[in-house]
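This is what each chain is made of:
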Amino acid sequence: MSGLLAVEGLSAGYGAVPVLHEIDLTVQPGEIVAVLGANGAGKTTLLRTVSGLLPATAGRVTIDGVDLRTVRPERMVRHGVAHVPEGRGVVTELTVDENLRLGGLWRRSKPADRDEIYELFPPLAERRHQPGHQLSGGERQMLALGRALIAKPRLLLLDEPSLGLAPKIIAQIMGLLRDLRDRTGLAVLLVEQNVRSALSIADVGVVLSLGRVAARDSAATLAADADLRHAYLGF
Ligand code: ATP
């Protein structure tokens, strides 16, 4: 199996409790792959295992052929992988500018200018000297994304970017991801509860059910498959 990211036979869990069972998936350069499924299906666990925060019990994860088991989580970014966890991980005591500087620390190559990030997210530019705790939910999500993007990743692992945000802000963030993909060839593994938004920008959708891949198809086909939508995606 080849791809920028290749996940093969991946199993993982918490202690003795297995959660993921033999997951296979690939993400090609410039591809957005949406991971969908009900609460508890294992979507967050999949991202945490891919990024090495949770050890796999079987299988492997490679990026450009490099086995990520040999890479410590904080070094992932040197291999072009950036993880934006659910809850976003912004350091709320630090200013917007300081948070962006943090993102540049573990970079693969020369980081992007903070000004490039401010161009992508104009609301952040206005607040660059304000602490994270003064930001709205949408601004915090932008900052989390900006902090990941400043390291110029090839692959973004993105957990529930729409969580708690108003529809207008969700649409802005999804549009921005699509633009970035089109302009820079960024690849995205996108975990989302918001199935419609995710399928609107994804190329491929992978549906998890009870920790297994229940379906995998083009985003357009999944969005049009009423039986599948009813069975796994709740709409
Ligand atoms: P959600 O959208 O609700 O976050 P999800 O698809 O991301 O759902 P996971 O969070 O990966 O699902 O959870 C998968 C399973 O693993 C669930 O049964 C959950 O209870 C369990 N689980 C998640 N985190 C832990 C943990 N830290 N310790 C033990 N079990 C956990």
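Model, not experiment: these values are computed from the prediction.

> Please clarify how helix H1 (residues 43-50) should be interpreted in this entry.
Since the α-helix packs 3.6 residues into each turn, any two residues three or four apart lie on the same face. Of all the eight residues making up H1, six are buried; the element is thus mostly covered by neighbouring parts of the structure. Burial in H1 covers these residues: Lys43, Thr45, Leu46, Leu47, Thr49 and Val50. Positive backbone phi, approximately 85 degrees, marks Gly52, located one or two places after H1.

> Help me understand helix H6 (residues 167-184), please; the structure alone is not making it clear to me.
Compared with an ideal rise of 1.5 Å per residue, which puts 18 residues at 26 Å, H6 spans 26 Å between its outermost C-alpha atoms and is within 8% of the ideal. For H6, the complete set of buried residues consists of Ile170, Ile173, Met174, Gly175, Leu176, Leu177, Leu180 and Arg181.

> Before we go on, may I ask you to explain the pattern of salt bridges in this structure?
Side chains that carry opposite charge are capable of pairing whenever their charged atoms lie near each other. With the rule as written, the count across this model stands at nine salt bridges. With a shortest N-O distance of 3.8 Å, Glu8 and Arg60 are connected by a salt bridge. Placement of Glu8 in strand E1 (residues 5-14) and of Arg60 in strand E4 (residues 58-63) is noted, with a sequence separation of 52 residues between them. Salt-bridge contacts for Asp203 lead to Arg181; the nearest nitrogen and oxygen are separated by 2.8 Å. Linking Asp203 in the loop between helix H7 (195-201) and strand E9 (204-209) with Arg181 in helix H6, this pair joins segments that are 22 residues apart in sequence. Taking relative accessible area as the criterion, Asp203 reaches 31% and is therefore assigned partly exposed. Taking the relative accessible area as the measure of exposure, Arg181 reaches 13% and is therefore buried. Taken together, the shared-partner salt bridges in this structure form one network comprising Asp97, Arg101 and Arg114.

> Quick question: what am I supposed to make of the site of the ligand here?
In the vicinity of the ligand, the contacting residues are Tyr14, Val19, Ala38, Asn39, Gly40, Ala41, Gly42, Lys43, Thr44, Thr45, Glu160 and Gln193. Interatomic distance of 3.5 Å between a side-chain N/O atom of Tyr14 and a nitrogen atom of the ligand. A distance of 3.1 Å separates an oxygen atom of the ligand from a polar backbone atom of Ala41. With three residues, H1 is the single largest residue contributor to the shell around the ligand.

Conventions we followed
Residues numbered from 1 in each chain as written. Predicted model: local features only at pLDDT ≥ 70, side-chain atom pairs only at ≥ 80, totals over all residues. Heavy atoms only, no water. Buried < 20%, exposed > 50% of the residue type's maximum accessible area, 1.4 Å probe, protein only. Helix = DSSP H or I, 4+ residues; strand = E, 2+ residues; numbered from the N terminus. Expected span 1.5 Å × (residues − 1). Salt bridge = Lys/Arg side-chain N within 4 Å of Asp/Glu carboxyl O. Near = heavy atom within 4 Å. Polar contact = N/O pair within 3.5 Å; in protein donor to acceptor, adjacent residues only side chain to side chain.

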